[in-house]
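What follows is the residue order along each chain.
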Amino acid sequence: MPDTDHQPQKSPPPPPEFNNHNHPFKFLLQTPKVVIIFAMVAISCLLLYNSFPSVPFRVHYSPFATIKHQPNSNKVDELKSILKRASTSSKTIIITTINDAWAEPNSMFDLFLESFKIGNETQRFIQHLVVVALDQKAYTRCLKLHPHCYNLSTHGVDFSEEAYFMAPDYLKMMWRRIDFLRTVLDLGYNFVFTDADIMWFRDPFPHFHKDGDFQIACDYFRGNSVDLNNLPNGGFTYVKSNTKTTKFYKFWFDSRLTYPGLHDQDVFNKIKFDPFIRHNKLQIRFLDTTFFGGFCEPSRDFDKVCTMHANCCVGLENKVHDVRIMLQDWRKYTKLLGNQSVMVRSVSWTIPQSC
């Protein structure tokens, strides 16, 4: 929120007419009672004016502000408790978001969890995963499958249905996610945010840049991690909690008003060139699709791939279909690893198909 603290105000100088000896109201200065009354009214008005808090023109959204019958402090305390339980020793967590459509049995959330179980030493990351449910049904299903679930459902807003790309509900969901992640940074936690249509096959942490504050995957990677012309994808980010990133997430969220009708990824593509980034000394790094691939630009090397994203694909049904095939491709690869007579490098993705 914009700073509402007021700077101490100096007493205003006497109006110029009070210094004009030829002014028709000169007689007021010679009437003590009138002067006293006038001064008391002026002081009262000044005190009354200062008693009203300033109201910013830009309303800052809080993910806790619209939750009915549950005080903000309770929600924050609940979130703190979940983050603490899921955190690594370095205060790092993994976060994903789901709604009812994605949390249905045999849908995306099940496939997402399965990838951790069949990946190469990725099972250990499940204990550090916080699943943010955007509606009550998704929260109920999450509790049946996972220990760290947080209910971010909002009274009066229904995020349970499939949100089609760029539809109003989709935009609301994306911006809510950005502001929630800002809250996590404010609480002092680093995070890896991952869409639930991203499959985890290897430990991604060795491939993050040590000097990066904000690191983001790409639909298309141009070969240079600092090149702002890379085409990023906001579905996978690694962010360190510090003053630079918390300021950036607030700037990012507020920029939705500067670029109305755009989702978070398109707005990021606008603001990544903004002087704010340079002045704030935020270190942005773009992640190589060799390790962080997707349907747009698949990782070609099964021996290096860490994550694969069902990006460049519209429709939940299409995503689920192709992600299942992706997991089958990975199982085929891991099975061949034990067969020394087979060239593992000959394995390739058979997706996308429906996407």
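Residues numbered from 1 in each chain as written. Predicted model: local features only at pLDDT ≥ 70, side-chain atom pairs only at ≥ 80, totals over all residues. Heavy atoms only, no water.

Identification of the protein as Glycosyltransferase from Ambrosia artemisiifolia is taken from an unreviewed UniProt entry. Looking at the protein in UniProt, the text filed under Subcellular location (unreviewed entry) is "Golgi apparatus membrane". (UniProt positions renumbered as here; feature names shortened; annotations may be inferred.)

A.B. asks: What is the right way to read the packing of aromatic side chains from this model?
C.D. replies: The description of an aromatic ring pair rests on the distance of the ring centres and on the angle between the ring planes. Under the counting rule described, the total for this entry stands at 30 aromatic pairs. An angle of 55° between the planes, with centres 6.0 Å apart, marks the rings of Trp200 and Phe236 as tilted. Here Trp200 is found in strand E5 (residues 198–200), whereas its partner Phe236 is found in strand E7 (residues 231–239), with 36 residues between them in sequence. Each member of the pair, Trp200 together with Phe236, is buried. (Phe/Tyr/Trp six-rings, centres within 6.5 Å; stacked < 30°, edge-to-face > 60°. Helix = DSSP H or I, 4+ residues; strand = E, 2+ residues; numbered from the N terminus. Buried < 20%, exposed > 50% of the residue type's maximum accessible area, 1.4 Å probe, protein only.)

A.B. asks: Can you help me understand empty space enclosed by the protein in this one?
C.D. replies: Empty pockets left among the atoms are what a rolling probe the size of a water molecule brings to light. On inspection of all chains with the given rule, the structure shows two cavities of 30 Å³ or more. The calculated volume of the largest cavity comes to roughly 60 Å³. Taken together, Ile198, Ala217, Cys218, Asn233, Phe236, Phe292, Gly293, Thr307, His309 and Asn311 make up the full set of residues lining the largest cavity. Counting residues per element, the ones that place at least two in the lining of the largest cavity are strand E6 (214–220), E7, strand E9 (292–294) and strand E10 (307–309). Looking at the lining of the largest cavity residue by residue, the class counts come to five nonpolar, five polar and no charged. Estimated volume of the second largest cavity: approximately 30 Å³. Surrounding the second largest cavity, Arg177, Ile178, Leu181, Phe193, Gly234, Thr237, Tyr249, Trp252 and Asp264 form its lining. (1 Å grid on protein atoms, 1.4 Å probe; cavity = no way out; pocket = protein on both sides within 12 Å on 5 of 7 lines; lining within 4 Å. Points joined across faces, edges and corners; volume = space filled by probe spheres on them. Nonpolar A, V, L, I, M, F, W, Y, C, P; charged D, E, K, R; others polar.)

A.B. asks: Looking at this model, I keep getting lost on the environment of Lys240. Mind explaining?
C.D. replies: Tracing the chain through its elements places Lys240 in the loop between E7 and helix H7 (243–258). In this structure, the C-alpha to C-alpha distance between Lys240 and Phe191, residues 49 residues apart in sequence, is 6.7 Å. Once you skip the residues sitting within four places of it in the chain, Lys240 turns out to touch Leu185, Asn190, His209, Lys210, Gly212, Asp213 and Thr245. (Contact = heavy atoms within 4.5 Å.)

A.B. asks: In this structure, what is going on with the nonpolar core? I would like to understand it.
C.D. replies: Considering soluble globular proteins, one finds that nonpolar side chains tend to be buried as a cluster. Counting 52 residues, the largest nonpolar core has Phe112, Met199, Trp200, Phe236 and Met326 as its most contacted members. Contributing elements (two or more residues each) for this core: strand E1 (92–98), helix H3 (100–103), helix H4 (108–118), strand E2 (129–133), helix H5 (136–145), E5, E7 and helix H10 (316–337). It is H10 that provides the largest number of residues to this core, a total of nine residues. If you look at the next biggest cluster of nonpolar residues, it comprises 38 residues, including Leu181, Tyr189, Val239 and Phe268. (Core = buried A, V, L, I, M, F, W, Y, C linked by side-chain atoms within 4.5 Å.)

A.B. asks: How should I be thinking about the pairing of E2 in this particular structure?
C.D. replies: Among the five residues of E2, five are classified as buried, and the element is accordingly described as predominantly covered. Side-chain alternation along E2 places Leu129, Val131 and Ala133 on one buried face and Val130 and Val132 on a second face that is also buried. Of the pairings in the sheet, the one linking E1 to E2 comprises five bridges and is parallel in character. Bridge pairing links Thr97 to Val132 in E2. The sheet contact formed by E2 and strand E3 (residues 149–151) spans three bridges and is parallel. Bridge pairing in E3 places Val132 opposite Tyr150. In the classification by handedness, the crossover that spans E2, the intervening H5 and the parallel E3 is right-handed. (Pairing = 2+ DSSP bridges. Right-handed = clockwise from strand over helix to strand, strands pointing away.)

A.B. asks: Can you walk me through unusual backbone geometry in this structure?
C.D. replies: One can expect most non-glycine residues to show negative phi and most peptide bonds to be in trans. Residue Ile351 is joined to Pro352 through a cis peptide bond whose omega torsion reads 0°. Along the chain, Pro352 falls in the segment after H10. At Lys91, a position not held by glycine, the phi torsion is positive, near 60°. The phi dihedral of Cys312 is positive, around 50°, even though this residue is not glycine. Topologically, Cys312 is positioned in the loop between E10 and H10.

A.B. asks: Would you explain the sheet that holds E5 in this entry?
C.D. replies: Within a sheet, neighbouring strands are paired by backbone hydrogen bonds and run either parallel or antiparallel to one another. Pairing within the open sheet is mixed, and its three strands lie in the order E5-E10-E9. Both edges of this open sheet fall to E5 and E9, since each of them pairs with a single strand only. Within the sheet, the average angular offset between the axes of one strand and its neighbour, ignoring direction, is 20°. Note that E9 and E10 share three bridges and pair parallel. Within the sheet, the bridge partner assigned to Phe292 lies in E10 and is Thr307. (Axes fitted to C-alpha atoms, helices over the stretch in contact; angles between N-to-C directions.)

A.B. asks: I tried to follow the sheet that holds E2 on my own but got confused; where do I start?
C.D. replies: Read from one edge to the other, the open sheet built from seven strands follows the order E3-E2-E1-E4-E7-E6-E8, with strand pairing classed as mixed. Every interior strand has two partners, whereas the edge strands, E3 and strand E8 (284–286), have only one. Strand-to-strand, the axes of this sheet are offset by a mean angle of 30°, without reference to chain direction. Here H5 sits on the sheet and contacts E1, E2 and E3; the angle it forms with E3, its principal contact strand, is near 160°. Strands E6, E7 and E8 of the sheet are contacted by helix H8 (residues 264–271), whose axis makes an angle of about 95° with E7.

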